[in-house]
Amino acid sequence: MATIKMNRAKSAAAAISYALGKNRLKQDTKDWLIEHGCPSESLKNNDRAVVRSGINVSPTHAKVQMKVVRNHANGDTVKNQAIRIIQSFSSDDLDITKPENWQKCNDIGYEFARRAFGGSKFDDTDYPPYQIAIYTHVDGKGHKLHNHIIINKTNLDDNKQWHVENLNDEWLSFRDINDEVCREFGLKIPQERSKQVKKTISERELELKGQYVWKNDLRSRIDEALDEIQKNDISLEEALKSREVDLRRRGQNGISFAFIDNEGKKRISRGQRLGTKYERKTIDDYEQGIQQQRQQQQADEPRNEPDSRGIHAIARRQAIQSVRDHQQHLERSLGEARSRADRIRKRKQAVAKLIKAIQQAIDRSLALMKRLRADFERRKSEMKRFQDKIKKLDSIKSYQDLERQMRLVAKVAEQSKKTAAPKAIVAVTLRDELPENSSNPLIAATADMTRYMVMVDQGVWSDGQFEFSEREKRALVKATPEQLKKINGIAKQQAKRLSGIVDDAVERQKKNAERLRAKNQGKRFRR
């Protein structure tokens with residue numbers, strides 16, 4: 001029996017390169033074929049495709065030719081460029097060790113592709129409007145003959161793309177064509193496949209890979225529930241519920257099944273997607289048949305009139321059964337009440353935890369607001385003090401005045417910290433008036449030296465000898481060279497400044513005298 005698998009290929013070039021398999025036939029495959037009776041001369045070619053053919057395209061150059069058609073039609077911008085079909089044959093149908101079967105395998109694939117994509121069944125010269133390349137392989141794990149059929153999706157007539165909404169439905173129609181072609185080539189086809197179970201291509205691929213298929217899990221649970229209702233007098237809903245499957249009947253024909261799969265995901269499927277066996281009509285007929293069978297069994301049982309003892313025994317059994325039923329009902333109610341109480345308790349705990357978290361957040365927000373308020377008040381008071389200081393400074397009229405005043409304040413503050421003797425000398429002797437008697441002998445010596453140099457400069461120094469006091473002499477002896485240098489420099493600068501002051505005063509005095517003299521002369525002249 002030949003089987004087909006079908007999927008979309010994003011890259012037609014990649015699919016063709018794999019199917020053509022240039023120089024990729026492995027030596028292990030050759031050795032196995034020769035070992036099982038295949039002639040070695042038929043394996044001279046090292047390509048994976050031992051036989052190749054094409055419809056509207058050369059199989060050897062199919063990659064380039066298909067690309068040219070796509071570029072002409074749409075610029076080769078389609079998402080999926082090709083359709084890939086793998087057609088496999090069992091060893092009972094075609095013996096892989098016989099080279100004549102390789103060509104037959106390719107012929108079957110060629111005819112199947114021609115009919116599947118629009119070719120006529122009754123006219124061999126009627127070709128479909130698509131480019132199709134068929135490559136026959138002899139490799140693979142199962143050592144089965146199979147074809148790789150690559151179909152370019154671009155239609156040669158209208159340049160449109162081959163499009164189908166449901167690939168699974170298209171696969172079913174292709175499967176029928178495949179069976180028909182195989183039957184014409186003399187291959188055995190089993191009886192009509194049952195459609196009681198519907199499986200998509202993705203489900204079959206997962207099954208081949210040995211992976212979990214949630215629809216198979218759902219079908220097995222439904223099958224177990226159907227078997228149970230036939231053995232035990234329970235409803236299908238109860239049987240499915242014990243297997244964690246929810247049954248929903250909607251309208252007259254609708255039915256769906258929902259459950260949590262092994263991966264923890266909630267799955268819902270309608271009965272018609274699982275197969276005809278799981279549709280609403282089939283399920284209802286199955287349940288009705290079981291009910292009629294039970295009624296028939298009850299009708300066939302012999303009816304003996306019970307005596308008084310039998311009546312009492314039946315009444316006792318009925319009472320016991322009713323008590324048991326009532327007890328089971330109470331147990332179920334208690335279980336539901338416990339679960340409800342647990343849910344309420346957990347909900348209360350979650351609410352209390354949330355309230356506690358909200359309260360903590362509120363407390364943190366209040367503390368932050370309090371700190372911000374205190375910082376704002378502190379900055380406000382500092383700004384007020386600064387404004388008061390600014391108001392006291394009448395000389396400040398602009399930002400430049402403020403900057404100048406602040407620099408002066410900083411300079412004075414810095415100088416107030418300097419208490420060393422040389423710096424004190426600088427601070428004192430630069431004043432307009434020199435100190436008469438300073439407690440600091442170095443300052444006094446500087447002042448004396450300044451007076452001496454001023455008198456020398458003014459020419460009023462007598463022939464007398466200039467001498468320091470004893471206290472000043474002791475201070476000068478103890479002074480460092482740096483201090484003496486500063487004293488000398490300060491005295492010179494101060495003497496020069498004071499000499500200028502004296503000269504200016506003398507000059508002003510002369511001018512005042514001349515002014516007075518001129519004024520008096522004028523008065524005398526007017527008399």
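Model, not experiment: these values are computed from the prediction.

Q: I would appreciate a short explanation of a nonpolar patch on the surface in the present structure.
A: Taken together, Leu-354, Ile-358, Ile-362, Leu-366 and Met-369 make up a surface patch of nonpolar side chains, about 490 Å² in accessible area. Looking at where Leu-366 falls in the secondary structure, it is placed in helix 11 (residues 308–392).

Q: So what exactly am I meant to see when it comes to helix 2 (residues 27–35) here?
A: Because an α-helix completes one turn every 3.6 residues, residues spaced three or four positions apart along the sequence face the same direction. Residues of helix 2 that are buried: Thr-29, Lys-30 and Leu-33. Buried residues in helix 2, looked at end-on, bunch into an arc of 100°, giving them a common side. Across from the buried face of helix 2, at angles greater than 90 degrees, the exposed residues are Asp-28 and Glu-35. Positioned one or two residues after helix 2, Gly-37 has a phi angle of 105°, which is positive.

Q: Whenever I open this one, the packing of aromatic side chains confuses me. Can you help?
A: Pairs of aromatic rings are described using the distance from one ring centre to the other and the angle between the two planes. Applying the stated criterion to the full structure yields five aromatic pairs. For the ring pair Phe-117 and Tyr-130, a centre distance of 6.0 Å and an interplane angle of 70° mean the geometry is edge-to-face. You can see Phe-117 sitting in the loop between helix 4 (99–116) and strand 4 (132–137) and its partner Tyr-130 sitting in the loop between helix 4 and strand 4, a full 13 residues away along the chain. Judged by its relative accessible area of 5%, Phe-117 falls in the buried class. Taking the relative accessible area as the measure of exposure, Tyr-130 reaches 9% and is therefore buried. With 6.4 Å between their ring centres and 35° between their planes, Trp-214 and Phe-259 make a pair best called tilted. Placement of the pair is Trp-214 in helix 7 (residues 214–231) and Phe-259 in strand 7 (residues 254–260), with a sequence separation of 45 residues. Directly above the ring of Tyr-18 sits Arg-48, whose terminal nitrogen or CZ lies 4.3 Å from the centroid.

Conventions used here
- Residues numbered from 1 in each chain as written.
- Predicted model: local features only at pLDDT ≥ 70, side-chain atom pairs only at ≥ 80, totals over all residues.
- Heavy atoms only, no water.
- Patch = residues over 30% accessible without salt bridge, like charges linked within 9 Å, V, L, I, M, F, W, Y side chains within 5 Å.
- Areas by Shrake-Rupley, 256 points an atom, 1.4 Å probe, with all protein chains shown as cover.
- Salt bridge = Lys/Arg side-chain N within 4 Å of Asp/Glu carboxyl O.
- Helix = DSSP H or I, 4+ residues; strand = E, 2+ residues; numbered from the N terminus.
- Buried < 20%, exposed > 50% of the residue type's maximum accessible area, 1.4 Å probe, protein only.
- Arc of directions from axis to C-beta.
- Phe/Tyr/Trp six-rings, centres within 6.5 Å; stacked < 30°, edge-to-face > 60°.
- Lys NZ or Arg CZ within 6 Å of the ring centre and 35° of its normal.

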